[in-house]
Structures are given as C-alpha cells and as structure tokens.
Amino acid sequence: MSAPMLPADGSYVEMTSYGETMPEVRVVHASGTVITLSLAIADLPPENSTVTLRWAAAPRGRYALAGNVVAIDGNRVEVRFSGEPAIEQSRNFVRGGGGEPIVLLLPGEEAAQGHVHDLSEHSVRARFTDVTVRPGDELTLRIQLDDEIVEFPARATKVNSVRQQVPVRGPLIVELVAVFPDKDEHQARIIRRYIMQAQLRARARGE
C-alpha cells in the first residue's frame, strides 16, 4: 500500500463496526498496513473483529478499507489492513440529518415516537423514551423526511438506556443504532436526496 493513500497522523477517519458508524475517530499513527486509532472506551470495537475505515479522497469520494482489530491498549486500537483502499463515490456514504420524527414498531407493542440523531441509507441513530429494545431485535422504523415517509425493516445493533434522574426521576431515555439489512433502493434514494438537500441548505446558511 502506498503511503499517500493512508490518512495523516492526527487526522480523523470514519469507522464502521458491526453496522454502527463513528464519524470522527482520530488517527494516532498510520504506516504500512497498520493504523493506530484513538476513540472513547465505550466505542472500542472487539478485538479480532473486522472494521471498515473511510477517509477523504479528492475530488468527490472517499477511500474505504477493511481491516482486522489486532490489538487494544486502553483507548487505542490497532487495525491491520488486508488489502488496498477502494474509492467510494460520495453518494455511497452520504450521512446527516438530525431531529426528524421517527416511529419504532415492535411486534405486539405500541408504536414508540422518537427523533433521529443521524441517518444514512444504511443505518440510523435515534432516541426514544420508555421503550424496551435489545441489540439484535428485529423492528420496523418509519421516518418522516420533509413531505415523504420512508419505512424500513431494521435490526438494532447498539442500545444505550439511561433514566433521567435530575432534577427529578424521569423517563428512560433510549438511544439506539439500527441497520437496514434489506436495502430498498427507492427509499435509499429518498434518504440520499434528503440529506444532500439538507447539507446544501446548511452550507447556504454558512453552518
């Protein structure tokens, strides 16, 4: 692998592990076929697991490269690459959104209302209150995107639940990451278009 392809030390890459994407993972050092990353303890991928890293590639794409987690030391992860980076075009990894209404449907349960934290055509991170979901659960998600609604069968991959305690004991706040295993190209296109339009609006506002 040629050195110019590797992300620079101190830069940030996107890491996907078990369907969850972390957008800003810091590169400690990259050399040859090994890259050392720094990230929060709670976000560490399991040792010996496979992760995919992505970083910018001019002019309109990103490099994507799979690797194996070969060592974990504190909050640092060492990943060994098994191939060469591949170029992905921008439309394949567009991600954004935040605040959109989302409904979670579980068999035999009442619909739960929540809000999107971020969204891509492959997965969503969202927040709900007082809903019981476990990693691996199969569910249906319905998301309102401007004037359109998309609905996907999904699988929960990561669930964090925290009960509000201050100033008084309150509802159970549930944040989950879910992936869409059965890709629906029509609905994926709606998500892609929605996120790109939102990014254009944000740039126009100078955000």
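(A) Region of the structure containing the pairing of strand β2 (residues 20-31). When strand β1 (residues 12-17) meets β2, the two strands line up antiparallel, connected through 5 bridges. Bridged to Tyr-12 within β2 is Arg-26. Hairpin geometry of β1 and β2 is characterised by an intervening segment of 2 residues between the two adjacent antiparallel strands and by a positive phi of about 50° at Tyr-18. Bridging between β2 and strand β3 (residues 34-38) involves 5 bridges; their strand directions are antiparallel. The residue of β3 that forms the bridge with Ser-31 is Val-34.

(B) Up close: the pattern of salt bridges. This structure, assessed with the given rule, holds 9 salt bridges. Of the charged contacts in the structure, one is a salt bridge between Lys-158 and Asp-43, with a shortest N-O distance of 3.2 Å. Of this pair, Lys-158 sits in strand β13 (residues 148-163) while Asp-43 sits in the loop between β3 and β4 (50-57), and the two are 115 residues apart along the sequence. With relative accessibility at 26%, the residue Asp-43 sits in the partly exposed group. Between Arg-192 and Glu-185 there is a salt bridge whose closest N-O contact spans 3.1 Å.

(C) Up close: the side chain of Arg-54. Along the polypeptide, Arg-54 turns up in strand β4. Among the residues examined, Arg-54 registers a relative accessible area of 16% and is labelled buried. Reaching out from Arg-54, the side chain makes a polar contact with the side chain of Thr-16 at a distance of 3.2 Å. The contact partners of Arg-54, leaving out residues within four places of it in the chain, are Val-13, Glu-14, Thr-16, Arg-62, Tyr-63, Ala-64 and Glu-88.

(D) Main features of helix α1 (residues 185-204). Helix length check: α1, at 20 residues, gives a terminal C-alpha distance of 28 Å against a target of 28 Å (1.5 Å per residue), a fit within 8%. Within α1, the full set of buried residues consists of Gln-187, Ala-188, Ile-190, Ile-191, Arg-192, Tyr-194, Ile-195 and Ala-202.

(E) Representation of the side chain of Gln-187 in the model. Looking at the secondary structure, you find Gln-187 in helix α1. A distance of 2.7 Å separates a polar atom in the side chain of Gln-187 from the backbone oxygen of Glu-151. The contact partners of Gln-187, leaving out residues within four places of it in the chain, are Ile-149, Val-150, Glu-151 and Phe-152.

Calculation notes
Residues numbered from 1 in each chain as written. Predicted model: local features only at pLDDT ≥ 70, side-chain atom pairs only at ≥ 80, totals over all residues. Heavy atoms only, no water. Pairing = 2+ DSSP bridges. Helix = DSSP H or I, 4+ residues; strand = E, 2+ residues; numbered from the N terminus. Salt bridge = Lys/Arg side-chain N within 4 Å of Asp/Glu carboxyl O. Buried < 20%, exposed > 50% of the residue type's maximum accessible area, 1.4 Å probe, protein only. Polar contact = N/O pair within 3.5 Å; in protein donor to acceptor, adjacent residues only side chain to side chain. Contact = heavy atoms within 4.5 Å. Expected span 1.5 Å × (residues − 1).

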